[in-house]
Amino acid sequence: MGGLRCGIYDQKYSQDMRIFRTWVHWALLILSLVFIFTLPLYLPVRWIYMANMIGILIIAVQGLNILTGYTGQINVGQAAFMAVGAYTCALLSIHFKFPFLINLVCGGISAGLVGVVFGLPSLRVKGFYLAITTLAAQFVVIALIINGFPDLTGGVRALLVPPIQLGGKSFESQRDILFIIMPCAITMIYFAKNIVRTGVGRAFIAIRDNDLAAEVMGINIFRYKLLSFFICSFYAGIAGGLWAHWMGAISYEHFDLMRSIWFLGMLIVGGMGSITGAVFGSIFILLLDDVVRLYLIPVFAAMGLGVVRSTALSPIVFGLVIIVFLIFEPRGLAHLWEILKTRYRLRPFSY
Amino acid sequence: MGTFWQFVVTGLLVGAIYALIALSVVLIFKATAVFNFAVGEMMMLGGMFFWSFYIMLKINIFGSLVLASLCAVTLGMAIQRIVLRPLIGQPILTSVMVTLALVSVFKGLDGLIWKNMPCGFPDLLPRGGWKLGDVHISMDLFWAFLISIFLIALLSLLYQRSRIGLEMRATAESHQLATAKGLNINRIFTVTWILAGLISMVCAILLGVRIGVGPEMANYGLKAFPVVILGGLDSIRGAVVAGLIIGVLEQMVGGYINPCWMEVSPYAILLIFMFFRPHGLFGMERIERI
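This structure is a prediction, so every number in the text was calculated from the model and none was measured.

Colleague: Go over the overall build of chain B, please, and point to the residues and values.
Modeller: Broken down by element type, chain B carries 11 helices and two strands. Helices and strands in chain B line up, N terminus first, as α-α-α-α-β-β-α-α-α-α-α-α-α. In terms of overall dimensions, chain B is globule-like: its C-alpha atoms have a radius of gyration of 19 Å, near the 19 Å expected for 290 residues. The burial tally for chain B puts 50% of its 290 residues in the buried class. Nonlocal contacts in chain B, meaning residues at least 24 apart in sequence, comprise 75% of its contacts between residues at least 6 apart.

The following block contains the structure:
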């Protein structure tokens, strides 16, 4: 097996910097791409819906990963930045009817700018103070959506969003929109991977590990922290724009504090500071929640617990999973995956 | 001018309750270096405990207070023992995340046990009120204010004058040094969480008289965070002063600008304030070295 060589020996720097280093990697990449884009052929609509949701949330979690996982700045308001992107993108496509991609990028940029505004205090505050500042972002943004511009955003009512128009085709069904969401998600993951292995990414990591030491070494902390906030909220904005068109209607309720907590939970479960971790985390949490909804809740409801009480199992399971991961595997699924890969490579030897 | 004083008085009365909630967060932070995001949910559960004993099981008020306190103590101990003890000394994000996870678990517990129902509360405190010039002071709020101030004073006394308070302050200073001096910091953490559970329950009852207990109560926990940060994370005095300030400001915003903004005004004020005094009013300014 070509993938099981005793080591990969690079002769050029360009080989060393590759993301996909062996033909096994390339084969897996092509296979998974084929798998993702042929999903509509063999999955029922319900699971396509799940795949779309996973695709969107991976983008948001990836952004949070860059800010929280790589730069070490806690963000409890990712859902609010997502809301900014969602409303911007939706309003642009309703009122101006720009091409979809322009709307999406505008949504991302506006969310990014809002993120920078709320990231400004990060120059002087950190830790718990910053957590509360981003919590403030969560509440202030949602209050602005509800009370600030009710004529524009519809206030507490939902805002109807037209389907995506791209190249004369209308992407309405779950199957169609998969072909918009998945390329976006893959591109954003690819960008994230590349951001964190350039100089910018190394600056982020330096700030996370010790921001004073980073500053002494000549890294402009303020600039990089704001850049990190921008990238994080840009990702949230893109996710929000896709969410708006995917749901067909958005309301402030989609972007509440609980969703921000979910993003953080996905990040923790996946493993902070790991691009694959953010992907694993989103998939794991969403599928787990779906399994709870599909199987656990009906079982408990049938056992005489009642439907209302059984639905409460979903947040309990979510919270417990996070706690269990924090206690037993704080480096998350990404770490487990690394262990698994190493074990496989070294088999049959234990080390 | 009458409305102005009305806002000030109502704000101060409500602010004392906020201060008490914030105090529980500050106490936990000082002793254990954990920021308790789940304070609102602890209040919710505490209020529901009391409601279950007092209304559902129709036990008299003292009996139900004692039973609810027992439940709150158990809750505090359980949090400390099961969830936080394995996580001592972990980075900040872990302690943020673990309490956020507790938020989710407690919300679920409320649904599982009490079906997320908002529950009406009895006339526990005397109703009515009296007029002082143009200012109307409602009786229940006044009593809640008195009880809060009394408890705040009691807690400060406990913290400053008693043996366990001294141990808590030592632990707050440095976990390692406290351990080296022979303090059992696990015991102190447990005591702190028990105190937090009890304070949350009392706050829930005081607020519950006015607004009822239930899932809504968790939102009042969210009001404690700007108070804590405004006052300075590690300052008891700060929590009290900031509680009163936030209470008054909230009433002013609600009365003069727009009631819609009342809920978020503490956070908006906090955001602006952060630029000028990032460590809060009375918080300790940390000077960092590499």
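Colleague: Describe the overall build of chain A, and please don't skip the residues or the numbers.
Modeller: Looking only at helices and strands, chain A has 17 helices and four strands in total. By the compact-globule yardstick of 20 Å for 351 residues, chain A fits well, its C-alpha radius of gyration being 21 Å. Taken along the three principal axes of its C-alpha coordinates, chain A extends 65 × 55 × 50 Å. Looking at chain A as a whole, 47% of its 351 residues qualify as buried. Of the contacts formed within chain A by residues at least 6 apart in sequence, a portion of 74% connects residues at least 24 apart.

Colleague: Could you give an account of the pairing of strand E2 (residues 135-138) of chain B, with specific residues and numbers?
Modeller: Residues and elements named next belong to chain B. Sheet topology places strand E1 (residues 129-132) next to E2; four bridges connect them, and they run antiparallel. Counterpart to lysine 131 in the pairing with E2 is histidine 136. Linking E1 back to E2 in an antiparallel pair, the connection comprises two residues, with glycine 133 at a positive phi of about 70 degrees.

Colleague: Any details on the interface of chain A and chain B? Residues and values, ideally.
Modeller: By convention, interface size is frequently given as the accessible area that disappears when the constituent parts associate. With 40 residues of chain A at the interface, the matching set in chain B holds 38 residues. Where the side of chain A that touches chain B is concerned, the elements lending two or more residues are helix H7 (128-148), helix H11 (211-216), helix H13 (257-270), helix H15 (307-311) and helix H16 (313-328) of chain A. No other element matches the 11 residues that H7 of chain A contributes to the side of chain A that touches chain B. Classifying every residue of the side of chain A that touches chain B gives 30 nonpolar, eight polar and two charged.

Colleague: Give me the lowdown on helix H1 (residues 2-32) of chain B, citing residues and values where you can.
Modeller: Residues spaced three or four apart along an α-helix face the same direction, because each turn holds 3.6 residues. The end-to-end C-alpha distance of H1 of chain B is 44 Å, a good match for the 45 Å that 31 residues give at a rise of 1.5 Å each. A positive backbone phi angle near 60 degrees is found at alanine 33 of chain B, which sits one or two residues after H1 of chain B.

Colleague: Pulling in residues and values, what's your account of the packing of helix H9 (residues 174-196) of chain A against helix H12 (residues 221-247) of chain A?
Modeller: Relative placement of two packed helices is described by the angle separating their axes and the distance separating the axes. Residues and elements named next belong to chain A. With their axes 11 Å apart at the nearest point, H9 and H12 run at an angle of 175 degrees to one another. Comparing the axis directions of H9 and H12 gives the class roughly antiparallel. Where H9 approaches H12, its residues Ile177, Ile181, Cys184, Met188 and Ile195 are matched on the opposing element by Ile231, Tyr235, Ile238, Leu242 and Trp246. Of the residues assigned to the contact of H9 with H12, the class counts are 10 nonpolar, no polar and no charged.

Colleague: With reference to specific residues and values, describe helix H3 (residues 61-84) of chain B.
Modeller: Look at H3 of chain B: 32 Å from first C-alpha to last across 24 residues, which is about the 34 Å you get at 1.5 Å a residue. Three or more residues of H3 of chain B are buried, namely Ser64, Ala68, Ala72, Leu75, Gly76, Ile79, Gln80, Val83 and Leu84 of chain B.

Colleague: Go over unusual backbone geometry, please, and point to the residues and values.
Modeller: Residues and elements named next belong to chain B. Even without glycine at this site, lysine 115 takes up a positive phi of about 60 degrees. Counting through the fold element by element, lysine 115 comes out in the loop between helix H4 (92-114) and E1. The exposure class assigned to lysine 115 is partly exposed, which follows from the 14 C-beta atoms found within 10 Å. The backbone of asparagine 116 sits at a positive phi, close to 55 degrees, despite the residue not being glycine. By secondary structure assignment, the location of asparagine 116 is in the loop between H4 and E1. Here asparagine 116 falls in the partly exposed class, since 17 other C-beta atoms lie within 10 Å of it.

Colleague: I'd like a rundown of the packing of helix H2 (residues 39-56) of chain B against helix H9 (residues 217-231) of chain B, residues and numbers included.
Modeller: All names here are of chain B. Viewed as axis vectors pointing N to C, H2 and H9 meet at an angle of 140 degrees, and their least axial separation amounts to 7 Å. Between H2 and H9, the interaxial angle falls into the category oblique. The way H2 lies across H9 gives a crossing that is right-handed. Residues Val39, Gly40, Glu41, Met43, Met44 and Gly47 of H2 lie in contact with H9, whose contacting residues are Met217, Ala218, Asn219, Tyr220, Gly221, Leu222 and Ala224. Looking at side-chain class alone, the contact of H2 with H9 contains eight nonpolar, four polar and one charged residues.

Colleague: Just give me the short version of the confidence of the model for chain B, but keep the residues and values in it.
Modeller: Residues and elements named next belong to chain B. Overall, the predicted model of chain B reaches an average pLDDT of 88, with 98% of residues at or above 70. Put simply, E1 is where chain B has its lowest mean pLDDT, 78, and H3 is where it has its highest, 92. With a pTM of 0.92, the predicted complex shows an ipTM of 0.90.

Colleague: Describe the environment of histidine 245 of chain A, naming the residues involved and giving the relevant values.
Modeller: Residue and element names in this part refer to chain A. Tracing the chain through its elements places histidine 245 in helix H12. Classification of histidine 245 as buried rests on a count of 26 C-beta atoms within 10 Å. The sequence separation of histidine 245 and proline 162 amounts to 83 residues, and the corresponding C-alpha distance is 6.7 Å. When near neighbours in sequence (up to four residues on either side) are disregarded, histidine 245 contacts Val161, Pro163 and Ile164.

Colleague: Residues and numbers for the nonpolar core, please.
Modeller: Residues Ala83 and Ala239 of chain A together with Ala19 and Ala22 of chain B are the most contacted members of the largest nonpolar core, which totals 209 residues. Those residues in contact with alanine 19 of chain B, other than ones at most four positions away along the chain, are Ser148, Ile152, Val227, Ala239, Val240, Gly243 and Leu244 of chain B.

Colleague: Give me the lowdown on the environment of glutamine 15 of chain A, citing residues and values where you can.
Modeller: Residues and elements named next belong to chain A. Structurally, glutamine 15 is set in helix H1 (residues 13-16). Owing to 11 C-beta atoms within 10 Å, glutamine 15 belongs among the exposed residues under this scheme. Between the C-alpha atoms of glutamine 15 and valine 279, which are 264 residues apart in sequence, the distance is 25 Å.

Colleague: Can you tell me about the environment of glycine 129 of chain B, naming the residues and giving the values?
Modeller: All names here are of chain B. As for its position among the elements, glycine 129 is in strand E1. Taking the C-beta count within 10 Å as the criterion, glycine 129 has 13 such neighbours and is therefore assigned partly exposed. Taking the C-alpha atoms as reference points, glycine 129 and leucine 141, separated by 12 residues in sequence, lie 9.0 Å from one another. If near-sequence neighbours (up to four positions away) are discounted, glycine 129 is found in contact with His136, Ile137, Ser138 and Met139.

Reading the values: rules and limits
Here, residues in each chain are numbered from 1, in the same order as that chain's written sequence. Chain letters start at A and ligand numbers start at 1, both assigned in the order the entries are written. Confidence filtering applies because this is a predicted model: local features only for residues at pLDDT of at least 70, side-chain atom pairs given and counted only at 80 or more, and all residues used for totals across whole chains, interfaces and linings. Secondary structure elements are taken from DSSP: a helix is a run of H or I of four residues or more, a strand is a run of E of two residues or more, and numbering for both begins at the N terminus. Radius of gyration here is computed from C-alpha atoms only, and the compact-globule reference equals 2.2 Å multiplied by the residue count raised to the power 0.38. Between the buried cut of 20 or more and the exposed cut of 12 or fewer other C-beta atoms within 10 Å of a residue's own C-beta lies the partly exposed class, and all C-beta atoms are placed from the backbone. Residues are defined as contacting one another if the C-beta atoms placed from their backbone atoms lie within 7 Å. Here the rule is simple: two strands pair whenever DSSP picks up at least two bridges between them. Under this grouping Gly is polar, as are all residues other than the nonpolar Ala, Val, Leu, Ile, Met, Phe, Trp, Tyr, Cys and Pro and the charged Asp, Glu, Lys and Arg. The span you would expect from a helix comes to 1.5 Å times its residue count less one. To get an axis, a line is fitted to the C-alpha atoms, and for a helix only the part in contact is used. The angle between two axes follows their N-to-C directions and goes from 0 to 180 degrees. For this classification, under 35 degrees means roughly parallel, over 145 means roughly antiparallel, 65 to 115 means roughly perpendicular, and everything else is oblique. Helix crossings are classified by the rotation of the near helix relative to the far one: an anticlockwise turn of less than a right angle makes the crossing left-handed, while a clockwise turn makes it right-handed. How sure the predictor is of each residue is captured by pLDDT, a score from 0 to 100. The nonpolar core is taken to be a set of buried Ala, Val, Leu, Ile, Met, Phe, Trp, Tyr and Cys residues joined by way of C-beta atoms within 7 Å.

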